[in-house]
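Analysis of the macromolecular model
What follows is each chain in one-letter form.
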Amino acid sequence: MHGARGIDSLKIVLSETSIDSTTDRQVLLKAIAVEYLYTNLDSAEVYGKRLLYECQSDGDLLPIAKACNSLADIYNLRGEYKKALDMMQQSLEVCTKLGSLKGLTVNNFLKGNILQNLHQYEAADSAYQKSMQLAISNADSAMVANNYLNIGINYELQGDDEKAFKYYFSAAEYFEKQGNKRGLSQAYSNLIGVFNSLGQIEKSIEYAEKAIALKKEIGSYGILPTSYQNLSIAYASNKEYTKSLSLIDSAFHYARLAKVNHVMPFLHYTKAEQLSKLNKQALALSENRKGLDLAQQLQDSFQIVHGYRSVGRILFRQKKYAAAEPYLRNAVTYACSINNSKMELGSLESLFDNFAALGKYEEATSLHQRIRIVRDSFFSEQKILAINELEAKYQTEKAATLNRLLVVEKEAQALTIRRQRSRLWLFALAAAALGIIAFITYRRSRERKLLNDQLRAQNERIVLLHQELNHRVKNNLAFIAGLMRMQRRHLSGAEARQAVREGESRIEAMSLLHRKFYMEGRDNATELHDYLDELCGYLLSTYPLLENIPDIQLDIIPLTTNDEAASCIGLIVNELVTNSFKHAFDKQKDPIINIRMERKGANGYRLTYADNGIGIPLSLNINKIDSLGMKLINILTRQLDGTLTLEREPTARFYFDFIEDRIVA
């Protein structure tokens, strides 16, 4: 429902509809804020703040944490990372009060992402490590894998390719065990760049092809551009430049298709590098400038450094040293601002070469001293990180070894004491112990037998009573339906007969659900596709005199729902199908009804109902219509904390959005 039309619909519901529940208002405010993420971040912030205020007024901690997360997402997209970090910190404090391990795990992970955007790599690593430890203690293997992946990214941004490789490979192993093809393809994509940096070109090509195959299989086109780019770099390393340029063009194609603008600058830089190696310096310079312009529009300092340095290096190769100087100076400035020693060192070395070519030997000499300092600092940082990691590993292993030794020592002491006591008392107490043991064993065996007999009899009685109760419920539902059927046959008015027929279908919907839950031995869970298929079959059988029998098409993903959700969804579908039979197909020779249940986002599901009938007039307000069916639909939707959206043209189309926790068994 993205766009102005969807936002206007939500605003109308928020302003004109009588909303009794605070939860309903919060759901609407969050939905509007999410919609504005695609169009207007300022408006998204306004509604996000309103949501946070309402949640704080209500005092419920969990909605407050979620509202803080929503605002953090908005600030993160706007590039206001410090505000995003503040919101995430508030959310973490609330999760700590709630004692929510899952919330703390996810929020520490998101905090790491924000700190990474701020180029605070050490703090980001600390946040990821906390998230990983919580995920391990909570047996959340998915979050363990994601943390491995992002820690790898953190090390790669700092120029430590060997550590990045280790974490990427661990992430790939976790994703493969989980059968998570999306995560596995991302891990493979990240490994490509590391293999390129380490000079393992054949491995890079192998993993690039694996990543591309996986992404195409799952339809994940948004991350295909990076895989094609890395594969292009690998072929360029083998001096296959024509193949490399072809792959870069594929990367551009998928980037435009998926509208992933943030990768476009790097694609331009990569293409420029290949063109430069083919000695097409003018084209290479043009591509670099395009990439730099895009990076500046995105305000991405990391890509801006690459842009300035790439343009400067092309001009240097063309011996346009004066023109190259400002670009290389800017590269150094931006590299310093993002605290990336590796990029700063590369930019300084390029500027040094340019000074030497210009004959600015005094400035080159001064710059050489700075290069030595940065190089020493860079390698010192690498050594310190390696030492810290080894120290942490040593301390962990040392603590584990000491714990094992203490356990072994305690067990040995306990064993010695037991043996001594056994020897002292063995002969004196042997006869008495055997007698007592025999008596106790006999008595316990007898008591256990009596207790088991009582429990078995009680269980059989409970099962019998439960079966009798279910049988009576089934008979009562059938009896009520039969009474209504008899009453319908004796009614003369068409409208009255139709009202009774609708009552019959509602009772049958509940009766069918009862059979699936209890008569078929299912406990609080049902397969939604089977239930709706049987329900639609029944509804078709109750309208045998329709001039054109509608074709009911079900497209339901595998989904096991709880009893409340199945009941509400069944009644909603019952009302909509009955309404289509009555009103939609008077002028339609080939009537079709389409019912679909699909995933929406990470934590939601969408039920779509559509027919090819005459549609619903724009003048008809479904919130004010005096119809029991529409009132039932609205009540049942709210009962599941869902939202209802209606499209009227060209034909009627209903969208019901539900939260996963409310409907899944």
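Data block above holds the structure.
Note that this is a predicted model, so its numbers are computed, not measured.

**Description of the overall build of the protein chain**
- Helix and strand counts for the protein chain come out as 24 helices and seven strands.
- Residues classed as buried in the protein chain amount to 41% of the 665 residues present.

**As for the nonpolar core**
- Membership of the largest hydrophobic core comes to 76 residues, with the highest contact counts inside it found for Leu 52, Phe 175, Tyr 188, Tyr 228, Leu 231 and Leu 267.
- If one sorts the elements of this core by residue count, helix α4 (residues 61-78) sits on top with eight residues.
- Excluding anything up to four places from it in sequence, Leu 267 contacts Pro 225, Gln 229, Ile 248, Ala 251, Phe 252 and Ala 255.
- Of all hydrophobic cores here, the second largest spans 41 residues; its members include Leu 528, Ala 565, Leu 636 and Ile 663.

**A few points about the state of the cysteines**
- All told, the structure shown has zero disulfides when counted by the stated rule.
- Not part of a disulfide, Cys 55 finds its nearest cysteine sulfur in Cys 68, a span of 8.6 Å.

**Details of the packing of helix α21 (residues 528-542) against helix α22 (residues 563-584)**
- Look at α21 against α22: their axes get within 10 Å of each other, and the N-to-C directions meet at 35 degrees. In terms of crossing hand, the pair formed by α21 and α22 is right-handed. Seen from α21, the contacting residues are Leu 528, Tyr 531, Leu 532, Leu 535, Cys 536, Leu 539 and Leu 540; seen from α22, they are Ala 566, Ile 569, Gly 570, Val 573, Asn 574, Val 577, Thr 578 and Phe 581.
- Class assignment of the residues belonging to the contact of α21 with α22 gives a composition of twelve nonpolar, three polar and no charged.

**Some remarks on the packing of helix α5 (residues 81-98) against helix α6 (residues 101-117)**
- Following both chains from N to C, one finds α5 and α6 inclined at 165 degrees, their axes separated by 10 Å at the closest point. By the angle class used here, α5 and α6 are roughly antiparallel. Classified by chirality, the crossing of α6 by α5 is left-handed. Across the interface between the two elements, Tyr 81, Ala 84, Leu 85, Met 88, Gln 89, Ser 91, Leu 92, Cys 95 and Thr 96 of α5 pack against Gly 103, Leu 104, Asn 107, Asn 108, Leu 110, Lys 111, Ile 114, Leu 115 and Asn 117 of α6.

**Here we look at a nonpolar patch on the surface**
- A contiguous nonpolar surface patch, about 370 Å² in accessible area, is contributed by Leu 424, Trp 425 and Leu 429.
- Counting through the fold element by element, Leu 424 comes out in helix α19 (residues 361-489).

**Quick word on the pairing of strand β7 (residues 653-659)**
- Most of β7 sits inside the fold, with five of its seven residues counted as buried.
- Here strand β6 (residues 643-647) runs beside β7; their pairing, made up of five bridges, is antiparallel. Paired with Thr 643 across the bridge in β7 is Asp 657.
- The loop that links β6 with its antiparallel partner β7 comprises five residues.

**Points about the pattern of salt bridges**
- Per the stated rule, a full pass over the model turns up 20 salt bridges.
- Linking Glu 273 and Arg 317 is a salt bridge whose minimum nitrogen-to-oxygen distance equals 3.9 Å. With Glu 273 in helix α14 (residues 264-277) and Arg 317 in helix α16 (residues 301-317), this residue pair connects regions lying 44 residues apart in the sequence.
- Classification of Glu 273 as partly exposed rests on a relative accessible area of 26%.
- You can call Arg 317 partly exposed: its relative accessible area is 36%.
- Here Arg 662 and Glu 564 are joined by a salt bridge, their closest N and O atoms 3.5 Å apart. With Arg 662 in helix α24 (residues 660-663) and Glu 564 in helix α22, this pair connects stretches of sequence that are 98 residues apart.
- One salt-bridge network, in which partners are shared between bridges, spans Glu 325, Arg 329, Lys 360 and Glu 363.

Scoring rules and cut-offs
- Residues numbered from 1 in each chain as written.
- Predicted model: local features only at pLDDT ≥ 70, side-chain atom pairs only at ≥ 80, totals over all residues.
- Heavy atoms only, no water.
- Helix = DSSP H or I, 4+ residues; strand = E, 2+ residues; numbered from the N terminus.
- Buried < 20%, exposed > 50% of the residue type's maximum accessible area, 1.4 Å probe, protein only.
- Core = buried A, V, L, I, M, F, W, Y, C linked by side-chain atoms within 4.5 Å.
- Contact = heavy atoms within 4.5 Å.
- Disulfide = S-S within 2.5 Å.
- Axes fitted to C-alpha atoms, helices over the stretch in contact; angles between N-to-C directions.
- Left-handed = near helix turned anticlockwise from the far one by under 90°.
- Nonpolar A, V, L, I, M, F, W, Y, C, P; charged D, E, K, R; others polar.
- Parallel < 35°, antiparallel > 145°, perpendicular 65-115°, else oblique.
- Patch = residues over 30% accessible without salt bridge, like charges linked within 9 Å, V, L, I, M, F, W, Y side chains within 5 Å.
- Areas by Shrake-Rupley, 256 points an atom, 1.4 Å probe, with all protein chains shown as cover.
- Salt bridge = Lys/Arg side-chain N within 4 Å of Asp/Glu carboxyl O.
- Pairing = 2+ DSSP bridges.

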